[in-house]
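Secondary and tertiary structure notes
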Amino acid sequence: MATGYLYHELFGWHDTGTNAGLLPADHRAGIQPLQHFENAETKRRIHELVVVSGVIDQLTRLEPRKATDEEILLVHTEEHLARIAAESEQPKGGDSGDGLSPFGPGGIEIGRLAAGGMIEATTAVVEGRVDNAYALIRPPGHHAEPATGRGFCMFANLAIAARAIRRTHGVERIAVIDWDVHHGNGTQKTFWEDRDTLTISLHQDRVFPPDSGFITERGEGAGFGYALNVPLPPGTGSGGYLSAFDRVVGPAIDRFRPDLILVASGFDANATDPLSRQGLTSSTYRTMTERLLDLAATHCDGRLAMSHEGGYNPVYVPFCGLAVIEALAGVTEPLADPYEPIFGAMAGLELQPHQTALLDQVVPLLDDIH
Ligand SMILES: Cc1nn(C)c(C)c1/N=N/c1ccc(/C=C/C(=O)NO)cc1
Ligand SMILES: [Zn+2]
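Residues numbered from 1 in each chain as written. Chains lettered and ligands numbered in written order. Predicted model: local features only at pLDDT ≥ 70, side-chain atom pairs only at ≥ 80, totals over all residues. Heavy atoms only, no water.

We now examine the coordination of the zinc ion (ligand 2). Taken together, Asp180 (OD), Asp180 (OD), His182 (ND1) and Asp268 (OD) make up the protein donors of the zinc ion (ligand 2), found 2.0 to 2.7 Å from the metal. Linear spacing of the donor residues for the zinc ion (ligand 2) on their chain is D-x1-H-x85-D. (Donors = N, O, S within 2.8 Å, 3.2 Å for Na, K, Ca; no water.)

Glancing now at the pairing of strand 1 (residues 3-6). Taking every second residue as pointing to the same face, both faces of strand 1 are buried, with Thr3 and Tyr5 on one and Gly4 and Leu6 on the other. With 4 bridges connecting them, strand 1 and strand 2 (residues 59-62) associate as parallel partners. Across the sheet, Tyr5 pairs through a bridge with Arg61, a residue of strand 2. Following the backbone out of strand 1, through helix 1 (residues 40-52) and into the adjacent parallel strand 2, one traces a crossover that is right-handed. Bridge analysis of strand 1 against strand 5 (residues 132-135) gives 4 bridges, and the strand direction is parallel. For Thr3, the partnering residue across the bridge sits in strand 5 and is Asn132. (Buried < 20%, exposed > 50% of the residue type's maximum accessible area, 1.4 Å probe, protein only. Helix = DSSP H or I, 4+ residues; strand = E, 2+ residues; numbered from the N terminus. Pairing = 2+ DSSP bridges. Right-handed = clockwise from strand over helix to strand, strands pointing away.)

Attention now moves to the site of ligand 1. His142, His143, Asp180, His182 and Tyr312 are the nearest of the 13 residues found near ligand 1. Take His182: an N or O atom from its side chain is 3.1 Å from an oxygen atom of ligand 1. Side-chain polar atom of Asp268 to an oxygen atom of ligand 1: 3.1 Å apart, as the coordinates give it. For ligand 1, whose free accessible area comes to 530 Å², the fraction covered by protein is 73%. Using a 2 Å cut-off from the grid points, one finds that ligand 1 occupies the largest pocket. (Near = heavy atom within 4 Å. Polar contact = N/O pair within 3.5 Å; in protein donor to acceptor, adjacent residues only side chain to side chain. Areas by Shrake-Rupley, 256 points an atom, 1.4 Å probe, with all protein chains shown as cover. 1 Å grid on protein atoms, 1.4 Å probe; cavity = no way out; pocket = protein on both sides within 12 Å on 5 of 7 lines; lining within 4 Å. Sits in = over half its atoms within 2 Å of the grid points.)

Under the criterion given, the structure shown has 2 cavities of 30 Å³ or more. Approximately 60 Å³ is the volume found for the largest cavity. Every residue along the wall of the largest cavity is listed here: Val176, Asp178, Gly184, Thr187, Gln188, Thr199, Ile200, Ser201, Leu228 and Asn229. Elements with a minimum of two residues in the lining of the largest cavity: strand 6 (174-178), helix 6 (185-190), strand 7 (197-204) and strand 8 (227-232). Across the lining of the largest cavity, the residue classes break down as 3 nonpolar, 6 polar and 1 charged. Around the second largest cavity, the lining residues are Ser282, Arg286, Phe319, Leu322, Ala323, Glu326, Leu335 and Asp337. The greatest single-element share of the lining of the second largest cavity, amounting to 4 residues, is contributed by helix 9 (residues 317-329). In the lining of the second largest cavity, the residues fall into 4 nonpolar, 1 polar and 3 charged. (Points joined across faces, edges and corners; volume = space filled by probe spheres on them. Nonpolar A, V, L, I, M, F, W, Y, C, P; charged D, E, K, R; others polar.)

These figures capture arrangement, not role.
In structure tokens, the structure reads:
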């Protein structure tokens, strides 16, 4: 199994400042300066664990490149690109669009590298140079919409890669699974009317964006039925997520018969994340990856590429990221997650009746996938 792995030190230099987590530091409001939740640490620590564990020796290293204007405009408006470019020229940089997504001077170049990195990873998979790939990129992308950046995201990395690979390699049916704990609004919006791109978002109900990700959001026109949302209740652990895979993700992909599977891979559904209230541990990320590998083997010669998104606890996210990359690479003796016995033993992580009730509402929607 050849697994592509893409990371670059520049992703750690994307500067999100001292927004004290989410809000600008302001002594008058009692907000003390501290690095933004979306900072380099988790990504750098995933990379270092991949290296120190020795798994890096089983991976095929891929190099990112900067996405061109033309590639970015496959998804984004000219205005969005122009505004990012203009703010990137400012002495202190700017923001991707919602005031929550800052970047430093020249920041557009790192945004281009993230989008171009996912294009490279996806292309390596489709060309068969690797069987599957993980693009450990930053800034993240799944909240970025055609007309604006949002939720720490500058460009819609995965959506751009999907449109780019369709143009260069004629890939038709692309299934996107977003297991980041926040709603994949940007990807959904990009492909809202597109029946050749199935978007499935598993997220915690109403965290971010607070006004999207409802079951009733199903796509429009030709795309109706090809957007699926699974707004899981807070506290959902392995039972709820694996039931969502058994009852929604697997059957949806079986009906859709993709030529390529892409994953918006955030780890912020982990049990210790500051920006959510779910209960996952590394073992569930490993199992979800194994399920997708099986589905990719069944439908599209194993073609599976993952784009890094969120995940904010620098202590625990590395173990979740390593578990996914070990599964992709078929590592036979994976590193034991020392926190699994602690965070995986909490009560209530098995499937709960109210989670089943939520999934019962989503399952019938699969009938509209043809
Ligand atoms: C501030 C603020 N004020 N208000 C009203 C709202 C809605 C605010 N944003 N909260 C946020 C913004 C982004 C995230 C996570 C992004 C991610 O990890 N995506 O994968 C979480 C909460
Ligand atoms: Zn997230």
